[in-house]
Amino acid sequence: MFRLVRRPLRRAAVASALAAAAVLAVTTVRTAPSGPAAPDPARAAGTDRAPLLQQAAGTGTGMFPLLARTKDGHLLDWEPTGTGGFKPRSDLGGGYNDTTALAQANISRNLSGTDLYAVIDGTLYYTAERGTDTKVLGTGWDAYDLLVCADNLGGTAQPDLLARDKNGALWLYQGKSDGTLSAKVRAGTSGWDGMNEITGRGDYTGDGKADIIARSTSGTLYLYPGTGNATADAVLGSRVTVAAVGGTAWTAYADLVSVGDNDGDGKPDLIAVDKVGALWLLKGTGKSSAPFAARTQIGQPDPWSGIDLFF
């Protein structure tokens, strides 16, 4: 079982830029070749942030908060209840208007921290929860139009990043224990620009390897099983079409986000926000043939129109 840990999230503030940050759309992270050094990063903000609920590392799937960025630059947090659903949201503060991508990752504090990756002006930054520095990881991230923090797809202990370039290829950046990234490995040659959702933090097939979920622009949902190998063009196996759950088409959802094992049963779930604003939990089954059970409503309609990124 996992141990629930509460601690404040510290806002990543990179010089004056991240003090006015903003976030890109759905679960996205970008990676790029290293380049000239960016300005010295500012220290992480003080301890006036609302606490986040985070599961400690262990065997199985972690439980993560649902984070969002509003159009006016505020970072919002929904902490999981631990049994399915979320507690009332907390406002973690503003200043994210200039950020073009945000992703959370559990790297620090023995894989139990809620850390942030952020892209500003094409530069990728990493800030650990309760860390004292924001690291500059490299420039050129504007070569990507989607960035996703996934589980350990390459077989290491740390979560990885997936980045989609503007030609539709998908790239894997394996995470390291200090938040830095290994050299990129191609995870998919082309066609990923036909997906409007890419997410996944856990093993959806029950084989002990991390997988990802993707939805096409036509509304078809796919499960891509992970191979556990950071080998070019062999990071992911053959995709499986996921049937609509309960007769509800996947096009009915404005956003699909993975926050790991939301209900605490050891299987990763999927969070869906419908176009009316209701929040739904699709519990994971651990079976590739039917990875999700019937949906359960876990949130009333909310003014999601004020949010431009869930992650």
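Quick caveat, the model's predicted, so the values are computed rather than measured. (Residues numbered from 1 in each chain as written. Predicted model: local features only at pLDDT ≥ 70, side-chain atom pairs only at ≥ 80, totals over all residues. Heavy atoms only, no water.)

(A) How the structure looks around the pattern of salt bridges. Counted under the stated rule, the structure contains 6 salt bridges. The partner of Asp-233 in a salt bridge is Arg-186, and the shortest N-O contact between them spans 2.7 Å. Note that Asp-233 is positioned in the loop between β16 (221-224) and β17 (240-242) and Arg-186 in strand β13 (residues 185-188), a separation of 47 residues in sequence. With a relative accessible area of 38%, Asp-233 lands in the partly exposed category. On the basis of relative accessible area, Arg-186 is assigned to the partly exposed category, the value being 31%. The residue Arg-215 makes a salt bridge to Glu-197 at a minimum N-O spacing of 3.5 Å. In this pair, Arg-215 is assigned in strand β15 (residues 211-216) and Glu-197 in strand β14 (residues 195-202), connecting sequence segments 18 residues apart. (Salt bridge = Lys/Arg side-chain N within 4 Å of Asp/Glu carboxyl O. Helix = DSSP H or I, 4+ residues; strand = E, 2+ residues; numbered from the N terminus. Buried < 20%, exposed > 50% of the residue type's maximum accessible area, 1.4 Å probe, protein only.)

(B) Quick peek at the sheet that holds strand β4 (residues 75-78). The strand order β5-β4-β3-β22 describes an open sheet built from 4 strands, whose pairing is antiparallel. Whereas interior strands pair on both sides, the edge strands pair on one side only; in this sheet they are β5 (90-91) and β22 (307-310). Across 4 bridges, the pairing between strand β3 (residues 66-70) and β4 is antiparallel. Looking across to β4, one finds that Leu-66 is bridged to Trp-78. (Pairing = 2+ DSSP bridges.)

(C) Main features of the sheet that holds strand β18 (residues 253-257). On the basis of which strands lie adjacent, the open sheet formed by 4 strands has the order β18-β19-β20-β21 and antiparallel pairing. Two strands in the sheet have a free side with no partner beyond their single neighbour: β18 and β21 (296-299). Taken over all neighbouring pairs, the strand axes of this sheet differ in orientation by 30° on average, direction set aside. (Axes fitted to C-alpha atoms, helices over the stretch in contact; angles between N-to-C directions.)

So far we have only geometry, and geometry alone does not tell us how the molecule works.
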